[in-house]
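Residue-level structure breakdown
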Amino acid sequence: AAPPAAVFRHLADVENFPRWAEDYCERLELARGRWLAFTRAGDVTVELTADERTGVIDLWLGDETRCTAFLPLRV
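Rules and cut-offs
Residues numbered from 1 in each chain as written. Predicted model: local features only at pLDDT ≥ 70, side-chain atom pairs only at ≥ 80, totals over all residues. Heavy atoms only, no water. Pairing = 2+ DSSP bridges. Helix = DSSP H or I, 4+ residues; strand = E, 2+ residues; numbered from the N terminus. Axes fitted to C-alpha atoms, helices over the stretch in contact; angles between N-to-C directions. Contact = heavy atoms within 4.5 Å. Core = buried A, V, L, I, M, F, W, Y, C linked by side-chain atoms within 4.5 Å. Buried < 20%, exposed > 50% of the residue type's maximum accessible area, 1.4 Å probe, protein only.

1. Examining the sheet that holds strand 5 (residues 67-74)
In spatial order, the strands read 1-2-3-4-5; together these five strands make up an open sheet with antiparallel pairing. Each edge of the open sheet carries a strand with a single partner, namely strand 1 (25-31) and strand 5. Neighbouring strand axes in the sheet, compared pairwise and without regard to direction, differ in orientation by 30° on average. The sheet contact formed by strand 4 (residues 56-62) and strand 5 spans seven bridges and is antiparallel. From the neighbouring strand, Ile 57 faces strand 5, where its bridge partner is Leu 73. Contacts from helix 1 (residues 4-12) reach strand 3 (42-51) and strand 4, with the element oriented near 140° to strand 3.

2. Details of the nonpolar core
Of all hydrophobic cores here, the largest spans ten residues; its members are Val 14, Phe 17, Ala 21, Cys 25, Leu 28, Ala 37, Val 44, Val 46, Leu 59 and Leu 61. Of all the elements in the fold, those that place two or more residues in this core are strand 1, strand 3 and strand 4. Once residues within four sequence positions are removed from consideration, Leu 61 is found in contact with Phe 17, Tyr 24, Val 44, Thr 45, Val 46, Cys 67, Thr 68 and Ala 69.

3. Remarks on unusual backbone geometry
Within the chain, Arg 32 stands out as a residue other than glycine whose phi angle is a positive 55°. Within the secondary structure, Arg 32 sits in the loop between strand 1 and strand 2 (34-39). On the basis of relative accessible area, Arg 32 is assigned to the exposed category, the value being 85%.

So this is what it looks like as structure tokens:
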């Protein structure tokens, strides 16, 4: 249990991705200006946008050229 604002800040920080998605993301690394997640399924690029006003966090996963898998989070 945590206040919504604290939950939002935690999820909106891309560096926390391995903490809350630990079954998927083993570690995260910044490479060539992009976040790279090392997963059991292979390495994926991660992009995250967040709007604190609406509580909307959009997480995009993909290969090194573009992110195509979309995971919407709402707080």
